[in-house]
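An overview of the molecular structure
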Amino acid sequence: MVNSTSQALLPADQARNMAFDKILHKNSSNSQGGLRAMINKDNEAHKAAVVEYFQHWDDKKAEDETEAVRQSRVIDYASLTRQYYNLATDLYEYGWGEAFHFCRFAYGEAFKAAVNRHEHYLASSIGIKPGMRVLDVGCGVGGPAREIVKFTGCHVTGLNINNYQISRAKQYAVKEGLTHKLDFVQGDFMNLPFPDDSFDAVYVIEATVHAPSLESVYREIFRVLKPGGVFGVYEWFMTDAYNNDDLTHRQIRLDIEQGDGIAQMLKVEDGLAAIQAAGFTLETHYDLADDSNDTSVAPWYWPLGTDLRYAQSLSDVLTVLRMNRFGRVVSHAFISVLELLQIAPAGTGKTAESLAKAADALVEGGKKKLFTPMYLMVGRKPEF
Ligand SMILES: CC(C)=CCC[C@@H](C)[C@H]1CC[C@H]2C3=C(CC[C@]12C)[C@@]1(C)CC[C@H](O)C[C@@H]1CC3
């Protein structure tokens, strides 16, 4: 089940992947997600997904990293991303909710309000208006798309490589009575399944970091945007402070990559060059993580750390206890016991451990300002 094609997936691959994903997730896309869905997965298929995903990282340390190792991950980006979300989606929904992204926190702002405000901010940065046709590239289970539809009155098409996430997004749209404003399509963002000049606006929230080439994915987005249309992205980057020759820095990057399904993470300068090389006129770009030096305001990574003082309500405390360091230790020990008792499928503990390692590295990278998950770039496709 190891797929190492570098090209866009062929229909036969798509059919095979869909069949595999159906076996793996059984009927979880139609029922409750989270821990129950995680436990319910098919054992053999889960084992295969774990092998396919972790072959790229097992026993790889910062000091052993070579360009060839990184390139092998880049070539395999499609299967790597698909299998990562096959393994991680239920834990994400259990721990974080239905919007798979970070956000800024204003003083006194609760978790859910801050998540939604981050989505509204992007929607207004790219000028989404009622009735517009908008594309969400890498839409997850559709949380941000649902919120942006409600906030602006536009129509959103969500695209994602992972079949399970697409079926969960469709399910939520039905549940919320939003099917006339939303559709969801399975596909690879390196080969968008839409004609040229299809959308008034395109946005990406923390997704194109999975691409094998930023310039190529931005070029695809440019192709499907109407002339004069606007593209906005919250991108994951290593910042200017990151030094690849420093082994501590490199280990932080590697831990983020392995626990977040990323073949290779780039620096801000690479992203700025890529969006312009793709043809966009760059209208705005800045790091939202750098926005505040006020220590009374919670940093973007606080829900993953150890600090509970930023929680605004009992609901915030309960939510954050599922995500932060203390909560992870308890829930991951529980998950490992379930795996030992063969209640959870083989490899569930390994997945949880890898996510926990990534969470620590995200906090470390955030504290040291080596990494940002919210570098905003807004570009326009010229009229001619
Ligand atoms: C991977 C990309 C590009 C974006 C996703 C960003 C975040 C939503 C995730 C990054 C690390 C994730 C972790 C969790 C939820 C989703 C993230 C914050 C957990 C808190 C889920 C519950 C587990 O027990 C621990 C996870 C740690 C990492």
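Below or above, wherever it landed, is the structure these notes cover.

Rules and cut-offs
- Within each chain, residue numbers correspond to sequence positions counted from 1 in written order.
- Reporting in this predicted model follows two pLDDT cut-offs: at least 70 for local features of residues, and 80 or more for side-chain atom pairs to be given and counted; totals over whole chains, interfaces and linings ignore these cut-offs and use all residues.
- Side-chain metrics in this entry use all non-hydrogen atoms of the structure; hydrogen atoms and water are not considered.
- Each pair of strands is called paired provided DSSP finds at least two bridges between the two strands.
- Runs of H or I in DSSP of at least four residues are treated as helices and runs of E of at least two as strands, each being numbered from the N terminus.
- Interaxial angle, 0 to 180 degrees, is taken between N-to-C directions of lines fitted to C-alpha atoms, where a helix line uses only the stretch in contact.
- Polar contact criterion, stated in full: a pair of N or O atoms within 3.5 Å, where within protein one must be able to donate a hydrogen and the other to accept it, and residues adjacent in sequence count only if both atoms are side-chain atoms.
- Only heavy atoms matter for contacts: two residues are in contact if any of them lie within 4.5 Å across the pair.
- A 1.4 Å probe rolled over the protein chains alone gives each residue an accessible area, and that area as a share of the maximum for its type sets the label: buried under 20%, exposed over 50%, partly exposed in between.
- Expected span of a helix, by definition, is 1.5 Å for each gap between consecutive residues, and there is one gap fewer than residues.
- The arc in question is traced by the directions running from the helix axis to the C-beta atoms.
- Residues are classed as near a molecule or strand on a simple rule: at least one heavy atom within 4 Å of it.
- What sets the accessible areas is the Shrake-Rupley method with a 1.4 Å probe; for residues, cover comes only from the shown protein chains.
- Under this grouping Gly is polar, as are all residues other than the nonpolar Ala, Val, Leu, Ile, Met, Phe, Trp, Tyr, Cys and Pro and the charged Asp, Glu, Lys and Arg.
- Count a disulfide wherever a pair of cysteine sulfur atoms falls within 2.5 Å.
- Any carboxyl oxygen of Asp or Glu within 4 Å of a side-chain nitrogen of Lys or Arg constitutes a salt bridge here.
- Whether two aromatic rings pair depends on their centres lying within 6.5 Å, for rings of Phe, Tyr and Trp, where Trp uses its six-membered ring; planes under 30 degrees apart make the pair stacked, over 60 edge-to-face, and the rest tilted.
- With its strands directed away from the observer, a crossover is right-handed exactly when the path from the first strand over the helix to the second travels clockwise.

Turning our eyes to something else, we now look at the sheet that holds strand β1 (residues 133–137). Sheet architecture is open: seven strands sit in the order β3-β2-β1-β4-β5-β7-β6, paired in mixed fashion. The open sheet terminates on both sides in strands that have one partner only, identified here as β3 (182–186) and β6 (281–287). The mean inter-strand angle of the sheet, taken between neighbouring strand axes irrespective of direction, is 15 degrees. Two elements, strand β2 (residues 155–160) and β3, share five bridges in a ladder whose sense is parallel. If you follow Thr 157 over to β3, its bridge partner there is Asp 183.

As for its placement among the helices and strands, Thr 372 is situated in strand β7 (residues 371–380). Of the polar contacts made by the side chain of Thr 372, one reaches the side chain of Asp 287; its length is 2.7 Å. In contact with Thr 372, not counting residues within four places along its chain, are Glu 235, Trp 236, Phe 237, Thr 239, Asp 287 and Ala 289.

When you line up the elements, His 332 lands in helix α13 (residues 325–340). In this structure His 332 comes out as buried when scored by relative accessible area, which is 14%. Not counting residues up to four positions away in its chain, the partners in contact with His 332 are Ala 352, Glu 353 and Ala 356.

A rise of 1.5 Å per residue sets the reference length of α13, with its 16 residues, at 22 Å; its end C-alpha atoms lie 22 Å apart and thus fit the reference within 8%. Taken residue by residue, α13 has Gly 327, Arg 328, Ser 331, His 332, Ile 335 and Leu 338 as its buried positions. The buried residues of α13 all sit within an arc of 110 degrees when viewed along its axis, so they share a single face. The exposed set on the far side of α13, more than 90 degrees from its buried face, consists of Val 329, Val 330 and Leu 340. Packed against the buried residues of α13 are α2 (34–39), α5 (77–95), α12 (314–321) and α14 (348–367). Taking the backbone nitrogen of Phe 326 as reference, a side-chain oxygen 3.2 Å away marks Asn 324 as the first, capping residue of α13.

Neighbouring the ligand are 21 residues; Tyr 85, Tyr 92, Glu 206, Trp 236 and His 332 lie closest to it. A distance of 2.7 Å separates an oxygen atom of the ligand from a polar atom in the side chain of His 332. Relative to its unbound accessible area of 610 Å², the ligand is 100% covered by the protein chains. The element best represented in the shell around the ligand is α5, accounting for four residues. In the shell around the ligand, the residues fall into 13 nonpolar, four polar and four charged.

Here the focus is the state of the cysteines. Within the structure shown, the criterion is met by zero disulfides. The thiol of Cys 139 is unpaired, and the distance to the nearest cysteine sulfur, on Cys 154, comes to 13 Å.

So, on to α12. For α12, the full list of buried residues reads Asp 316, Thr 319 and Val 320. Taken down its axis, α12 places every buried residue within 90 degrees of arc, on the same side. Against the buried residues of α12 lie α5 and α6 (111–125).

Bringing unusual backbone geometry into the picture now. Positive phi, normally seen in glycine, also occurs at Asp 197, with a value near 55 degrees. Within the secondary structure, Asp 197 sits in the loop between β3 and β4 (199–205).

Applying the stated rule across the entire model yields 25 salt bridges. Among the salt bridges present, the one from Glu 44 reaches Lys 47, with a minimum N-O distance of 3.5 Å. Of this pair, Glu 44 and Lys 47 both sit in helix α3 (residues 43–54), three residues apart, which is roughly one turn of that helix. Overall, the relative accessible area of 52% leaves Glu 44 in the exposed class. If you follow the salt bridges from partner to partner, you end up with Glu 65, Arg 70, Arg 73, Arg 253 and Glu 257 in one network.

The subject of this paragraph is the packing of aromatic side chains. Working definition: an aromatic ring pair is given by the centre-to-centre distance plus the angle between the planes. This model, assessed by the stated rule, comprises 22 aromatic pairs. Judged by centre distance (5.1 Å) and plane angle (80 degrees), the rings of Trp 236 and Phe 371 are edge-to-face. Linking Trp 236 in strand β5 (residues 225–238) with Phe 371 in strand β7, this pair joins segments that are 135 residues apart in sequence. Among the residues examined, Trp 236 registers a relative accessible area of 8% and is labelled buried.

A few words now on the pairing of β4. Counting buried positions along β4 gives six out of seven residues, so the element sits mostly inside the fold. Sheet topology note: the β1/β4 ladder contains four bridges and is parallel. Among the inter-strand pairings, Val 137 is bridged to a residue of β4, identified as Val 204. Strand direction decides the pairing type here: β4 and β5, joined by six bridges, are parallel. Bridge pairing in β5 places Ala 201 opposite Val 230. At this point the chain moves from β4, through helix α9 (residues 214–224), to the parallel β5, and the crossover so formed is right-handed.

The next point concerns the environment of Pro 373. Checked against the element boundaries, Pro 373 lands in strand β7. Residues Pro 373 and Phe 100, 273 residues apart in the sequence, show an inter-C-alpha distance of 11 Å.

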